[in-house]
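# Tertiary structure, described
As a plain string of letters, each chain reads:
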Amino acid sequence: MRLLVVQTPRLIPGAKTPQEYLLLPDKPSLLVGRQLTNDIIVADKTVSRHHLEIIWRDNDLLMRDLGSENGTSLNSQPVKPFYPVALHSGDQLRLGGVLLRLEELGVTFMPRARPAEILELKEVEQEAPGLEPVHSTTPSNALPYSEAGFSLTSLLQFPRISALIYLGLLTLAGIYSVSIKLELGLTLHLLLLLGLTLQAALSSERERPVLLALTAVPVYHMLILALPLSSILSTPWYPVAPLIGLLATLMIISHTGLSLDKLGFRRGYFFQQTLIAASGLVLGAGGYFLIRPAFLADSKNLVSFAPAVVGLLLNSLNAELVLRGLVQGALAECWGRKVILFSALLTAAAEAGTYPLPGLVYWLLSGLWLGRAVYKTGSLTGAVIAHTIASLMMFLVLPSFF
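My aim in this report is to walk through the structure given alongside it, one point at a time. (Residues numbered from 1 in each chain as written. Predicted model: local features only at pLDDT ≥ 70, side-chain atom pairs only at ≥ 80, totals over all residues. Heavy atoms only, no water.)

## Considerations on the overall build of the protein chain
The helix and strand tally for the protein chain stands at 12 helices and 11 strands. Here the protein chain holds 402 residues, and 52% of them are scored as buried. If you take every contact in the protein chain between residues at least 6 apart in sequence, the share linking residues at least 24 apart comes to 68%. Accessible surface, the protein chain as shown: approximately 18700 Å² in total, 67% of it carbon and sulfur. (Helix = DSSP H or I, 4+ residues; strand = E, 2+ residues; numbered from the N terminus. Buried < 20%, exposed > 50% of the residue type's maximum accessible area, 1.4 Å probe, protein only. Contact = heavy atoms within 4.5 Å. Areas by Shrake-Rupley, 256 points an atom, 1.4 Å probe, with all protein chains shown as cover.)

And the structure:
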């Protein structure tokens, strides 16, 4: 089977998009999108970074839309996101404004006549050239998940419901741990962790990184809640929980198989990263005057101050690695820009029970800003520095003066 590019109306200037791609069964999964990391790249502005996935299964060709910005249609019928559908020779796919056609090798099909279409397409951020495939089909083409090789309880199949359940459980666990009963909160965190771990063990290789990434948040919370830091001198021991949490995060990363590029370890965008890092001053000042947190160190001497600085540095690095690296890196392929909102909500949910409503609003807004920065640049550098500066301003610098 081959995939022909029939029409690319919004081709990125200077980019080249091949007009034909071979779809061979020896590669069972192909990602289609605008980003350079995809297997099939279409350099059109109306195509999402990761638009769709093409799957070979038992000599049948399937595809599923990955929650693309401008959607996918098959033979003029919209495709439901994340739902696998069958493809056949002669089918026409439309990804945003790009028209594609499937053909058998050695056979050419004439495109179907249709009236001119006027499309109102939303602008997608201009990134590296690439294209995202379309997922559109009629009900007769739809296949049950069991036949397509996807588990019924996967977060990728019911993203909105699963995301709400996950956020709700994290919020409840945080509230119970801080405001009601510590043991109950720890139990909820443990149940959430066990559920995600079990699902990861039963899921496919493509879904497993997402589920493992989501385990990092309850793991970190349980470490903070379980360590008896309150019964001993707090400041010298403050770096312990973030350090153990960071080691746990690195272990989770090693099992997800996510590349360093997806996690945000990449160079470039120096000017943008500098501006993002400098925004930590604004975030820190805004957070302090909105929340008024207490001075973190036991006193202002170096012995007490240094461990607090190290603890905040480790905590900021781990938080950004989990929320903007692991979670956004694993989910961006499926959810696109929506992952920014999810990571921001996750940032606020992680603080539920610790701060009043204004504090949660602050964490939500800061999460949106840092999530968008990482999504646009693909780098964690600016976000980590901004988070560190904001934490130092909120918990050490400003409380010592006001």
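## Regarding the packing of helix α8 (residues 270-291) against helix α12 (residues 381-397)
Two numbers describe how α8 lies on α12: the axes approach to 7 Å, and their chain directions differ by 30 degrees. One finds that α8 runs roughly parallel with respect to α12. The two elements α8 and α12 cross, and the hand of that crossing is right-handed. Facing Q273, I276, A277, S279, G280, L281, L283, G284, A285, G287, Y288 and I291 of α8, the residues of α12 in contact are T381, G382, A383, I385, A386, I389, A390, M393 and M394. Residues that form the contact of α8 with α12 fall into these classes: 14 nonpolar, seven polar and no charged. (Axes fitted to C-alpha atoms, helices over the stretch in contact; angles between N-to-C directions. Parallel < 35°, antiparallel > 145°, perpendicular 65-115°, else oblique. Left-handed = near helix turned anticlockwise from the far one by under 90°. Nonpolar A, V, L, I, M, F, W, Y, C, P; charged D, E, K, R; others polar.)

## Observations concerning the sheet that holds strand β3 (residues 29-33)
The strand order across the open sheet built from five strands is β4-β3-β5-β6-β9, with neighbouring strands paired in mixed fashion. The open sheet has two free edges, formed respectively by β4 (40-41) and β9 (85-87), since each of these has just one partner strand. Sheet analysis places strand β6 (residues 60-65) next to β9, joined by three bridges and oriented antiparallel. From the neighbouring strand, M63 faces β9, where its bridge partner is V85. (Pairing = 2+ DSSP bridges.)

## A look at a nonpolar patch on the surface
A cluster of nonpolar residues, F289, V397, F401 and F402, forms a patch on the protein surface that exposes about 460 Å² of accessible area. Along the chain, V397 falls in helix α12. For V397, a relative accessible area of 33% gives the class partly exposed. (Patch = residues over 30% accessible without salt bridge, like charges linked within 9 Å, V, L, I, M, F, W, Y side chains within 5 Å. Salt bridge = Lys/Arg side-chain N within 4 Å of Asp/Glu carboxyl O.)

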